[in-house]
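# Observations on the model geometry
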Amino acid sequence: MKIKLLAIGKTDHKQLQQLIDEYQNRLKHYVKFDLEIIPDIKNAKNLSEAQQKEKEGELILAKLQPTDQLILLDDKGKQYTSVEFSNYLQKKMNSGIKQLVLVIGGPYGFSEAVYQKAQGKLSLSKMTFSHQMIRLFIVEQIYRGFTILRNEPYHHE
C-alpha cells in the first residue's frame, strides 16, 4: 500500500517544513509515502467560501485514481489513539487497497463533491489546528503508527 497526503497550499513556516521533511524521510523505511501540495486558488479573496471550496474540491478530485481510498482529515472525523491508528493503518494494508489518500482541505473545509467521494473522515483532535500544523501532526502519526506496528519501543506501553 502507498499513502499519499494531499494538502492545499504550501507550508510557509520553514521550521514546520523541516520537521515534515524529517518525518517523511523516516517514513521511507516503512511505507511508500508521498506528500503532494495543491497550489492555493488564485484570486481566492474574490471568491465566496462556497466557490473556493468548489474549486479546491475539483483540484482534489483531479488528483485521485479510481482505485484510491479517500480519507478526509476533518474535525468531525473519527478519533484514534496512536495505537488505534496503527491498527487502522494495518487494516487498510490488509484490505489490499493500492493507495490510501489522506486529504487536508483548505481553510473552509471540503466541497460536497469531495465529501461524497470520501470513504471516511479522520480527526486528529477536537481542538482546531492550523492547516500547516496538521501536516506535521499527521505525518508524525503515520510514522508513529508504523513504528508501533514494527514493535519498536513505544513509550506509552
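Here we summarise the structure given alongside this text. Please read these numbers as outputs of a predicted model, since none were measured by experiment. (Residues numbered from 1 in each chain as written. Predicted model: local features only at pLDDT ≥ 70, side-chain atom pairs only at ≥ 80, totals over all residues. Heavy atoms only, no water.)

A positive phi angle is found at asparagine 151, which is not glycine, with a value near 60°. Looking at where asparagine 151 falls in the secondary structure, it is placed in the segment after helix 5 (131-149). Judged by relative accessible area, which is 70%, asparagine 151 ranks as exposed. (Helix = DSSP H or I, 4+ residues; strand = E, 2+ residues; numbered from the N terminus. Buried < 20%, exposed > 50% of the residue type's maximum accessible area, 1.4 Å probe, protein only.)

With that out of the way, let us pick up the environment of lysine 42. Counting through the fold element by element, lysine 42 comes out in the loop between strand 2 (32-38) and helix 2 (49-62). A residue is classified by how much of its surface remains accessible, and lysine 42, at 71% relative accessible area, is exposed. Sequence separation of lysine 42 and methionine 93 is 51 residues, and the distance between their C-alpha atoms is 37 Å.

Taken together, 5 strands build an open sheet; the order of strands is 2-1-4-3-5 and the sheet is parallel. The open sheet has two edge strands with one neighbour each: strand 2 and strand 5 (120-122). Strand-to-strand twist of the sheet, defined as the mean angle between neighbouring strand axes without regard to direction, takes the value 30°. Alignment of strand 1 (residues 2-8) against strand 2, held across 7 bridges, turns out to be parallel. Counterpart to lysine 2 in the pairing with strand 2 is lysine 32. (Pairing = 2+ DSSP bridges. Axes fitted to C-alpha atoms, helices over the stretch in contact; angles between N-to-C directions.)

Attention now moves to the pattern of salt bridges. Oppositely charged side chains are able to pair whenever their charged atoms sit close together. Throughout the structure, instances matching the rule amount to 6 salt bridges. A salt bridge links lysine 63 to glutamate 36, with the nearest nitrogen and oxygen atoms 2.8 Å apart. One end of the pair, lysine 63, is in the loop between helix 2 and strand 3 (69-78); the other, glutamate 36, is in strand 2, and 27 residues separate them in sequence. Take lysine 63: its relative accessible area is 31%, and that puts it in the partly exposed class. Residues participating in the shared-partner salt-bridge network are Lys4, Glu36 and Lys63. (Salt bridge = Lys/Arg side-chain N within 4 Å of Asp/Glu carboxyl O.)

Ranked by size, the top nonpolar core spans 28 residues in total, and within it Ile3, Leu5, Phe33, Ile138 and Ile142 carry the most contacts. Looking at this core, the elements with two or more residues in it are strand 1, helix 1 (14-27), strand 2, strand 3, helix 3 (82-94), strand 4 (99-104) and helix 5. The dominant element in this core, judged by the number of residues it contributes, is helix 5, at 7 residues. For isoleucine 138, the residues in contact, after removing those within four places along its chain, are Leu5, Leu73, Phe85, Leu102, Ile104, Leu122 and Leu124. Core analysis: the second largest hydrophobic core is formed by 12 residues, Leu6, Ile38, Leu64 and Leu70 among them. (Core = buried A, V, L, I, M, F, W, Y, C linked by side-chain atoms within 4.5 Å. Contact = heavy atoms within 4.5 Å.)

Turning our eyes to something else, we now look at the packing of aromatic side chains. Evaluation of the coordinates by the stated rule reveals 8 aromatic pairs. Pairing tyrosine 30 with tyrosine 143 gives two aromatic rings, centres 5.8 Å apart and planes at 75°, and the pair type is edge-to-face. Of this pair, tyrosine 30 sits in the loop between helix 1 and strand 2 while tyrosine 143 sits in helix 5, and the two are 113 residues apart along the sequence. For the pair shown, tyrosine 30 and tyrosine 143 are each scored as buried. Measuring from ring centre to ring centre gives 6.5 Å for tyrosine 80 and phenylalanine 85, while their planes differ by 45°; the resulting arrangement is tilted. Put simply, the rings of Tyr23, Tyr30, Tyr143 and Phe146 touch in pairs and so form one group of aromatic residues. Positioned above the aromatic ring of tyrosine 80 is the side chain of lysine 78, whose terminal nitrogen or guanidinium carbon lies 5.1 Å from the ring centre. (Phe/Tyr/Trp six-rings, centres within 6.5 Å; stacked < 30°, edge-to-face > 60°. Lys NZ or Arg CZ within 6 Å of the ring centre and 35° of its normal.)

Read these as geometric descriptors, not functional statements.
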